[in-house]
Amino acid sequence: MGKKSRSFNFLIELLIVIVFFTISAIVCVNIFYQADQKSTLAANMTDATLNVENIVESLKVDDKILAKAETIDQGFVFVYEKYKIIIVEKAEMASTKGKYLTYVISAYDNDEQQLLSIETTCFRGDAS
């Protein structure tokens with residue numbers, strides 16, 4: 001009878017260890033999955049930030065870059081593989097030398113989650 005009891009205790013201990021390692025593996029996989037999601041979001045945000053910076057610099061020089069964008073009711077859209085950038089003209093203020101244009105530029109991922117949003121002002125006027 002003592003041999004059956006030992007075998008039974010060993011099997012119970014083995015099952016407990018298997019359950020423990022299974023739960024630990026599930027938790028570790030979940031942690032790695034969340035880290036991968038955050039890494040992907042950060043990479044998209046970095047890439048979108050670089051493209052927004054390029055668009056802002058182009059807008060400050062000339063607004064010809066807007067001709068390359070799709071036109072929507074709100075403004076202009078640049079569509080990239082993993083995100084899109086929306087440019088909306090917010091305000092226009094006249095001065096003696098020209099005008100100041102204020103744009104709101106927002107980047108969204110494919111799930112429509114906002115990655116970043118900036119506001120920039122550009123001057124259009126005489127070169128003299």
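Details of the structure are given in the entry above.
Residues numbered from 1 in each chain as written. Predicted model: local features only at pLDDT ≥ 70, side-chain atom pairs only at ≥ 80, totals over all residues. Heavy atoms only, no water.

Visitor: Any details on the environment of Ile16? Residues and values, ideally.
Guide: Considering the arrangement of structural elements, one finds Ile16 in helix 1 (residues 2-61). Along the chain, Ile16 and Ile55 lie 39 residues apart, while their C-alpha atoms are 58 Å from each other. (Helix = DSSP H or I, 4+ residues; strand = E, 2+ residues; numbered from the N terminus.)

Visitor: Which residues make up a nonpolar patch on the surface, and what values do they have?
Guide: The grouping of Phe8, Phe10, Leu11, Ile12, Leu14, Leu15, Ile16 and Ile18 at the surface amounts to a nonpolar patch, some 800 Å² of accessible area in total. Following the sequence through the fold, Leu11 ends up in helix 1. On the accessibility criterion, Leu11 (49% relative accessible area) is partly exposed. (Patch = residues over 30% accessible without salt bridge, like charges linked within 9 Å, V, L, I, M, F, W, Y side chains within 5 Å. Areas by Shrake-Rupley, 256 points an atom, 1.4 Å probe, with all protein chains shown as cover. Salt bridge = Lys/Arg side-chain N within 4 Å of Asp/Glu carboxyl O. Buried < 20%, exposed > 50% of the residue type's maximum accessible area, 1.4 Å probe, protein only.)

Visitor: Go over the packing of aromatic side chains with me, naming the residues and quoting the values.
Guide: A complete count under the given rule lists three aromatic pairs for this structure. Ring geometry for Tyr100 against Phe123: centres 4.9 Å apart, planes inclined by 55°, an arrangement best described as tilted. Here Tyr100, found in strand 4 (residues 98-109), pairs with Phe123, found in strand 5 (residues 114-125); they are 23 residues apart in sequence, far enough to count as distant. Assessed through its relative accessible area of 34%, Tyr100 is described here as partly exposed. (Phe/Tyr/Trp six-rings, centres within 6.5 Å; stacked < 30°, edge-to-face > 60°.)

Visitor: Talk me through the pairing of strand 5; I want residue IDs and the actual numbers.
Guide: Summarising the sheet, strand 4 and strand 5 pair through 11 bridges and their orientation is antiparallel. Looking at the pairing, Thr102 lines up with Thr121 of strand 5. Between the antiparallel neighbours strand 4 and strand 5 lie four residues, among them Glu112 with a positive phi of about 65°. (Pairing = 2+ DSSP bridges.)

Visitor: Could you give an account of the environment of Val77, naming the residues involved and the relevant values?
Guide: Its place among the elements puts Val77 in strand 2 (residues 76-79). In this structure, the C-alpha to C-alpha distance between Val77 and Ser106, residues 29 residues apart in sequence, is 9.6 Å. Residues within four places of Val77 in sequence aside, it is in contact with Ala69, Glu70, Ile72, Lys84, Ile85 and Ile86. (Contact = heavy atoms within 4.5 Å.)

Visitor: With reference to specific residues and values, describe the pairing of strand 4.
Guide: Pairing geometry for strand 3 (residues 83-94) and strand 4, over 11 bridges, is antiparallel. In the strand pairing of strand 4, Lys84 is matched with Tyr108. With antiparallel pairing between neighbouring strands as the criterion, strand 3 and strand 4 make up a hairpin whose turn holds three residues.

Visitor: Tell me about the sheet that holds strand 1 (residues 70-71), and name the residues and values.
Guide: An order of 1-2-3-4-5 is seen for the five strands of this open sheet, with the pairing classed as antiparallel. Lying at the two open borders of the sheet, with one neighbouring strand each, are strand 1 and strand 5.

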